[in-house]
Amino acid sequence: MTTRREPTARQMRLAVELRRLREAAGFSARQAAALLGVSNVQISQIESGVTGVSEERLLRLASHYACTDGEFVDALVAMATERTRGWWEEYRGLLPTSFLDLSELDHHAGFRDEVAVLYVPGLLQTEAYAHAVFSSRVPELTPKELELRVRHRLARQKISIPYKAVVHESALRIRVSDRAASRDQLSRLVEASEADHITLRVIPFDLDGFPRAGASMTYVGGAVPKLDTVIRDAPHGTLLIDSESQLAAFRALFHKVEAASLEPDRSRDLIHRLAKEL
């Protein structure tokens, strides 16, 4: 097994799920190692994403762990055996790995649900809007770093999976750049909302009883529900959440926010009105 210098988020997720299966079955790392005829160190490396695991070994472990969820096991096998190099690999070494991890997550997603309170979602941003957002970063980015981040963000927008975005009116009104850029961004949102795979809803300022100002998050559907992921921005960077209890909580949160928002047609009308005000 080849040792990885820096496992991707997907490789780490596979490692975490294998550890969870072992612990749920009541096996120690030593017992798991005995099942495969390997050392404790190798099991530790597999469960930390440092090394991969073959399909044969993964299936053997799943069998001994008494995992009867065939779809889940098949999804883990796909994660273990896939060798596809995605478009984001051209940015490896040029951007922080968290950018690449998000691209990989997009690539394998079955759907994407998002709540945005202060900024327009990245997948719906114009080039000028994205440039303004990244330009505000502290410490300031070099022109090359800025160009790479904007180009990467625009490349991520080429997705066709079902995408629901709930955006607060505050994100539509905040001018991260000038008036013209804001008008173009609103026009972009209207255009995007007409795509078959995109559902755009707005939470208006005059909504009563909306205490969820900190609800910004992205919920990404995996191959099976157990492999869903929540993305949240944190002070130290991007946070990926994958425990079943937390996934259930964030899924419920999205449904509550979605239910409080305007219907797509009324949302589009509001965006049109805001654009005219500019």
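Values in this document were obtained by computation on a predicted structure and should not be read as measured data.

Criteria and cut-off values
- Residues numbered from 1 in each chain as written.
- Predicted model: local features only at pLDDT ≥ 70, side-chain atom pairs only at ≥ 80, totals over all residues.
- Heavy atoms only, no water.
- Helix = DSSP H or I, 4+ residues; strand = E, 2+ residues; numbered from the N terminus.
- Contact = heavy atoms within 4.5 Å.
- Polar contact = N/O pair within 3.5 Å; in protein donor to acceptor, adjacent residues only side chain to side chain.
- Phe/Tyr/Trp six-rings, centres within 6.5 Å; stacked < 30°, edge-to-face > 60°.
- Buried < 20%, exposed > 50% of the residue type's maximum accessible area, 1.4 Å probe, protein only.
- Lys NZ or Arg CZ within 6 Å of the ring centre and 35° of its normal.
- Axes fitted to C-alpha atoms, helices over the stretch in contact; angles between N-to-C directions.
- Parallel < 35°, antiparallel > 145°, perpendicular 65-115°, else oblique.
- Left-handed = near helix turned anticlockwise from the far one by under 90°.
- Nonpolar A, V, L, I, M, F, W, Y, C, P; charged D, E, K, R; others polar.
- Expected span 1.5 Å × (residues − 1).
- Core = buried A, V, L, I, M, F, W, Y, C linked by side-chain atoms within 4.5 Å.
- Patch = residues over 30% accessible without salt bridge, like charges linked within 9 Å, V, L, I, M, F, W, Y side chains within 5 Å.
- Areas by Shrake-Rupley, 256 points an atom, 1.4 Å probe, with all protein chains shown as cover.
- Salt bridge = Lys/Arg side-chain N within 4 Å of Asp/Glu carboxyl O.
- Pairing = 2+ DSSP bridges.

Participant: I'm lost on the environment of Arg-92 in this one. Help?
Facilitator: Looking at where Arg-92 falls in the secondary structure, it is placed in the loop between α5 (70-81) and α6 (97-108). Ignoring sequence-local partners within four residues, the contact set of Arg-92 consists of Thr-8 and Leu-100. Within the structure, the side chain of Arg-92 is placed 2.6 Å from the side chain of Glu-89, a separation counted as a polar contact.

Participant: What should I look at first to understand the environment of Lys-164 in this one?
Facilitator: On the secondary structure map, Lys-164 appears in strand β2 (residues 163-168). Each C-alpha atom of the pair Lys-164 and Asp-113 lies 4.7 Å from the other, and the pair is 51 residues apart in sequence. Dropping the residues within four chain positions of it, Lys-164 is found in contact with Arg-112, Asp-113, Glu-114, Thr-199, Phe-254 and Glu-258.

Participant: Teacher, can you tell me more about the packing of aromatic side chains here?
Facilitator: For any pair of aromatic rings, geometry is given as the distance between the ring centres together with the angle between the planes. Applying the stated criterion to the full structure yields five aromatic pairs. Seen in terms of ring centroids, Trp-87 and Tyr-91 are 6.1 Å apart; in terms of plane orientation they differ by 90°. Their pairing is edge-to-face. Judged by its relative accessible area of 3%, Tyr-91 is buried. For the ring pair Phe-99 and Phe-134, a centre distance of 6.4 Å and an interplane angle of 35° mean the geometry is tilted. With Phe-99 in helix α6 and Phe-134 in helix α7 (residues 127-135), this pair connects stretches of sequence that are 35 residues apart. There is no split in this pair, since Phe-99 and Phe-134 are both buried. Within the aromatic cluster, the residues linked to one another by ring pairs are Trp-87, Trp-88 and Tyr-91. One residue, Lys-226, lies across the ring of Phe-72, its end atom 4.8 Å from the ring centre. A cation sits over an aromatic face here: Arg-251 above Tyr-219, 5.0 Å from the ring centre.

Participant: Would you mind going over the packing of helix α2 (residues 29-36) against helix α4 (residues 55-64) with me for this structure?
Facilitator: In the contact formed by α2 and α4, the axes pass within 10 Å of each other and the chain directions differ by 125°. Regarding the angle of α2 to α4, the classification is oblique. For α2 against α4, the interelement crossing comes out right-handed. Of the residues in α4, those in contact with Ala-32, Leu-35 and Leu-36 of α2 are Arg-57, Arg-60, Leu-61 and His-64. Residue composition of the contact of α2 with α4, by class: four nonpolar, one polar and two charged.

Participant: How should α5 be read in this particular structure?
Facilitator: Side chains that are three or four residues apart share a direction in an α-helix, a result of its 3.6 residues per turn. With twelve residues, α5 should cover 16 Å at 1.5 Å per step; its first-to-last C-alpha distance of 16 Å lies within 8% of that length. Of the positions making up α5, those classed as buried are Phe-72, Val-73, Ala-75, Leu-76, Val-77, Met-79 and Ala-80. In the core, the buried residues of α5 are packed alongside α1 (9-25) and α4.

Participant: I keep staring at the nonpolar core and nothing clicks. Help me out?
Facilitator: Taken as a class, soluble globular proteins show a tendency for nonpolar side chains to be buried jointly. Counting residues in each nonpolar core, the largest one holds 29 residues, and the members touching the most others are Leu-124, Leu-172, Leu-186, Leu-189, Leu-200 and Ile-271. Broken down by secondary-structure element, the contributors of at least two residues to this core are α7, β2, α9 (169-173), α10 (179-193), β3 (198-203) and α12 (264-277). Apart from the residues lying within four places of it in its own chain, the contact partners of Ile-271 are Leu-172, Leu-186, Leu-189, Val-190, Leu-200 and Val-202. The next biggest cluster of nonpolar side chains, apart from the first, holds 24 residues, and it includes Leu-14, Val-38, Leu-76 and Met-79.

Participant: Explanation requested: a nonpolar patch on the surface in the structure shown.
Facilitator: Residues Leu-118, Tyr-119 and Ile-174 make up a contiguous nonpolar surface patch of roughly 280 Å² in combined accessible area. Here Leu-118 is to be found in the loop between β1 (111-116) and α7.

Participant: Explain unusual backbone geometry to me, please; I cannot follow it from the model alone.
Facilitator: Leaving glycine aside, a negative phi is the common case for residues, and trans is the common case for peptide bonds. Of note, the bond from Val-138 into Pro-139 is cis; its omega dihedral lies within 30 degrees of zero at 0°. With respect to the element layout, Pro-139 can be found in the loop between α7 and α8 (143-156). Of note in this structure, Ala-66 is not a glycine but carries a positive phi near 60°. Note that Ala-66 resides in the loop between α4 and α5.

Participant: Any chance you could explain the pairing of β1 here in plain terms?
Facilitator: Along any regular strand, the residues point their side chains to alternate faces of the sheet. Burial within β1 is extensive, with five of its six residues counted as buried. The pairing of β1 with strand β4 (residues 217-221) spans five bridges and is classified as antiparallel. Looking across to β4, one finds that Arg-112 is bridged to Val-220. Examined bridge by bridge, β1 and β2 share five bridges and lie parallel to one another. The residue bridging Ala-116 from the neighbouring strand is Val-167, located in β2.

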